[in-house]
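Read off the chains here:
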Amino acid sequence: MNTFESTGQKIRRKFMRDEVYDILLDWIVTGKLIADQQIRDKEISEQLGVSRTPIREALLRLENEGFVQTKANSSTFVTPIKYQEIKHYYSITYTLEKLVIEEIYTKITDQHLEKMMNVNQEMYLSIKEGNYLTALKKDTEFHAIPTSLSLNAELKKILTNLKHKLKRIELYYYDKIEDAHISFVEHEQIIDALKQNNLNLTLEYIEQNWKKGLERIQNHLIKNENVNR
């Protein structure tokens, strides 16, 4: 059985390994490649129209970032989602985002706040329409607005990698969570605290937003566990 359906997608840009990386990362994050699924470079090579070398280079990068793993027989598989790791991702993310806010707090303008409000509204509408992938993109875009003002390149790099992992996790759970729309209200609280020039309150709401997102996943898991007993 052919694992990959033909999409007509071919590599055109100069740096093939980077585009192969972007494509494979997108497939993993959006669930086109599911947890524990084997990745065969020959199939990807045929589908994307590239040699195996950039594919192997991309897979090595993905393995270093924790998205794939190579087992004893040298086969490469998509890394499964582990709940204990989810908790670590969330705590690291809100800690780093709070560092960003402390750095860029005085740089946030009315234009930034307006953009955050608009993106948040778009996220809410996407949730209501059941368009969870777009909703998650808007959620990421919301948090990226203040982060883009940071001069700390390494911090932004770490956050970008974490957000890819969180997007994969949240997309997996999003349609299973009954109160996902509450994140819209939590974002409004962050915006209001920024409007008030209240740094401590902003930091508190950012931490709450991520902690409550994790709590919503926890509640789903507990509910699902009770149903299956």
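Here the structure is a predicted model, which means the values were calculated and not measured.

With respect to the helices, strands and loops of the structure, D41 is situated in helix α2 (residues 41-48). The exposure class assigned to D41 is buried, which follows from its relative accessible area of 17%. Taking the C-alpha atoms as reference points, D41 and P54, 13 residues apart in sequence, are found 9.7 Å from one another. Not counting residues up to four positions away in its chain, the partners in contact with D41 are R52, I55 and R56.

At their nearest, the axes of helix α5 (residues 110-128) and helix α6 (residues 132-147) sit 8 Å apart, and the two run at 165 degrees to each other. Classified by the angle between their axes, α5 and α6 sit roughly antiparallel to one another. When you trace α5 past α6, the crossing you get is left-handed. Where α5 abuts α6, its residues H112, K115, M116, V119, N120, E122, M123, S126 and I127 lie against Y132, T134, A135, K138, D139, E141, F142, I145 and P146. Looking at the contact of α5 with α6 residue by residue, the class counts come to nine nonpolar, four polar and five charged.

Moving on, we come to helix α4 (residues 83-104). Spanning 22 residues, α4 covers 32 Å between terminal C-alpha atoms, matching the ideal 32 Å at 1.5 Å per step. Along α4, the residues that are buried comprise I86, Y89, Y90, T93, Y94, L96, E97, V100, I101 and I104.

With that settled, consider α5. The periodicity of an α-helix, 3.6 residues per turn, causes residues three or four positions apart to be oriented the same way. For α5, spanning 19 residues, the distance from its first C-alpha to its last is 27 Å, which sits close to the expected 27 Å at 1.5 Å a residue. Those residues of α5 that sit buried are L113, M116, V119, N120, M123, S126 and I127. Projected onto a plane normal to the axis of α5, the buried residues spread over an arc of 140 degrees and lie on a single side. Relative to its buried face, α5 has exposed residues pointing more than 90 degrees away, namely D110, Q111 and K128. Of the residues flanking the end of α5, it is G130, one or two places downstream, whose phi is positive at about 80 degrees.

Another point: the packing of α2 against helix α3 (residues 52-64). Between α2 and α3, the shortest axis-to-axis distance is 9 Å and the interhelical angle comes to 120 degrees. When the axis of α2 is compared with that of α3, the two are oblique. Seen along the crossing, α2 lies across α3 with a hand that is right-handed. Together, D41, K42, I44 and S45 of α2 and R52, I55 and R56 of α3 make up the contact between the two elements. Residues of the contact of α2 with α3, tallied by class, amount to two nonpolar, one polar and four charged.

With that settled, the discussion passes to the pattern of salt bridges. Counted under the stated rule, the structure contains eleven salt bridges. Its salt-bridge partner being E97, residue K163 comes within 2.8 Å of it at the nearest N-O pair. Of this pair, K163 sits in helix α7 (residues 153-174) while E97 sits in helix α4; the two residues are 66 residues apart in sequence, bridging distant segments of the chain. Residue K163 is classed as buried on the basis of its relative accessible area, which comes to 12%. With a relative accessible area of 4%, E97 lands in the buried category. K98 is the salt-bridge partner of E207, the closest N and O atoms lying 2.5 Å from each other. Pair noted here: E207 is in helix α9 (residues 199-227) and K98 is in helix α4, with a separation of 109 residues, a long-range link.

Reading the values: the criteria
- Residues numbered from 1 in each chain as written.
- Predicted model: local features only at pLDDT ≥ 70, side-chain atom pairs only at ≥ 80, totals over all residues.
- Heavy atoms only, no water.
- Helix = DSSP H or I, 4+ residues; strand = E, 2+ residues; numbered from the N terminus.
- Buried < 20%, exposed > 50% of the residue type's maximum accessible area, 1.4 Å probe, protein only.
- Contact = heavy atoms within 4.5 Å.
- Axes fitted to C-alpha atoms, helices over the stretch in contact; angles between N-to-C directions.
- Parallel < 35°, antiparallel > 145°, perpendicular 65-115°, else oblique.
- Left-handed = near helix turned anticlockwise from the far one by under 90°.
- Nonpolar A, V, L, I, M, F, W, Y, C, P; charged D, E, K, R; others polar.
- Expected span 1.5 Å × (residues − 1).
- Arc of directions from axis to C-beta.
- Salt bridge = Lys/Arg side-chain N within 4 Å of Asp/Glu carboxyl O.

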